[in-house]
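Each chain, written out:
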Amino acid sequence: MSPAPRILAFAGSLRRDSLNKKLVRIAVEGARAAGGEVTLIDLKELPLPVYDGDLEAAEGLPANAKKLKELMKSHQGFLISSPEYNSMPSGALKNALDWASRAEPGEAPLACFKGKVCVLMSASPGALGGMRALPVLRNMLLNIHVIVLPDQLGLMKANEAFDETGRLKDPKQQATAEALGARLVDVLRKFHPESPS
Ligand SMILES: Cc1cc2nc3c(=O)[nH]c(=O)nc-3n(C[C@H](O)[C@H](O)[C@H](O)COP(=O)(O)O)c2cc1C
């Protein structure tokens, strides 16, 4: 049987108690319930130096940048939840994507991004739910050839939104976050019709 749609999920926050890590986990549940095969990673476990062209010229890509690229290449879709820092996506996320965008000798440009399908989310204690950062992140991903779906979620007052089990207290918000994961699976099946339903 053909494999299920493969999705790589991560938050743009390194923080242990990150609200964005909680939010992406819910979308992951939705994707898995819809039949997706999801790998959830924590960028804190793939620490990277700030991108420095001199470092790259001297040493090539850091091992964790190579690991991240391989993970991205081996999945068809991405579920990303990014914090908003000063109205922009987090530096940790931008830095990770910058390293991943660097081609190694003999590798096609943007090999781990081209043709991937992505769903974006953001969680913030603020009243805007990180919604100012999402268009910036969307634009960046589109420019590196990632297909970003229009479906997205900016979770406002996220510091009050989760219960102790990690679910969203508001059932409608919980369903919305789960549906984002399911939507990505659904679209990936259309892109890759050999995947079973
Ligand atoms: C440097 C910095 C800048 C921030 N700027 C914003 C902002 O522009 N908009 C916003 O909604 N929250 C902002 N916040 C608050 C974050 O949304 C909040 O810390 C959030 O919990 C971070 O995501 P995480 O819980 O996934 O780590 C900022 C926080 C920091 C540390």
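Scroll up for the structure.
Quantities reported herein were computed from a predicted structural model and do not represent experimental measurements.

## Side note on the sheet that holds strand β1 (residues 6-11)
- Strands sit in the order β2-β1-β3-β6-β7 across an open sheet of five strands; the sheet is parallel. Of all the strands in the sheet, the pair left with one neighbour each is β2 (37-40) and β7 (147-155). Each adjacent strand pair in this sheet contributes to an overall mean axis angle of 20 degrees, direction not counted.
- Relative to β7, strand β6 (residues 117-123) runs parallel, the two sharing six bridges. Bridge pairing in β7 places serine 122 opposite glycine 154.
- Relative to β6, helix α1 (residues 19-33) is tilted by about 140 degrees, and along the sheet it contacts β1, β2, β3 (77-81), β6 and β7.
- Along the sheet, helix α6 (residues 171-191) contacts β1, β3, β6 and β7; its crossing angle with β7, the most-contacted strand, is approximately 175 degrees.

## Here's the deal with the site of the ligand
- Near the ligand you find 13 residues, and of these Ser13, Arg15, Ser18, Glu84 and Ser124 are the closest.
- Taking serine 13, its side chain carries an N or O atom lying 2.7 Å from an oxygen atom of the ligand.
- Contacts to the ligand include serine 87, whose backbone N or O atom sits 2.8 Å from an oxygen atom.
- Broken down by secondary-structure element, the contributors of at least two residues to the shell around the ligand are α1 and β4 (84-85).
- Looking at the shell around the ligand, its residues break down into four nonpolar, six polar and three charged.

## Things to note about the pairing of β6
- Across the seven residues that make up β6, a large majority, seven, are buried.
- For the handedness criterion, the β-α-β arrangement of β6, helix α5 (residues 133-143) and β7 is classed as right-handed.

## A closer look at the packing of aromatic side chains
- Within the structure shown, the criterion is met by one aromatic pair.
- Seen from their ring centres, tyrosine 51 and tryptophan 99 are 4.7 Å apart, and the 65 degrees between their planes marks the pair as edge-to-face. Of the two residues, tyrosine 51 is situated in the loop between β2 and α2 (53-59) and tryptophan 99 in helix α4 (residues 91-100); the sequence distance between them amounts to 48 residues.

## Considering the side chain of glutamine 76
- Mapping glutamine 76 onto the fold places it in the loop between α3 (63-73) and β3.
- You can call glutamine 76 buried: its relative accessible area is 11%.
- Residues contacting glutamine 76, with those up to four places away along its chain left out, are Ala4, Pro5, Arg6, Lys116, Val117, Leu188 and His192.

Procedures and definitions
Residues numbered from 1 in each chain as written. Predicted model: local features only at pLDDT ≥ 70, side-chain atom pairs only at ≥ 80, totals over all residues. Heavy atoms only, no water. Pairing = 2+ DSSP bridges. Helix = DSSP H or I, 4+ residues; strand = E, 2+ residues; numbered from the N terminus. Axes fitted to C-alpha atoms, helices over the stretch in contact; angles between N-to-C directions. Contact = heavy atoms within 4.5 Å. Near = heavy atom within 4 Å. Polar contact = N/O pair within 3.5 Å; in protein donor to acceptor, adjacent residues only side chain to side chain. Nonpolar A, V, L, I, M, F, W, Y, C, P; charged D, E, K, R; others polar. Buried < 20%, exposed > 50% of the residue type's maximum accessible area, 1.4 Å probe, protein only. Right-handed = clockwise from strand over helix to strand, strands pointing away. Phe/Tyr/Trp six-rings, centres within 6.5 Å; stacked < 30°, edge-to-face > 60°.

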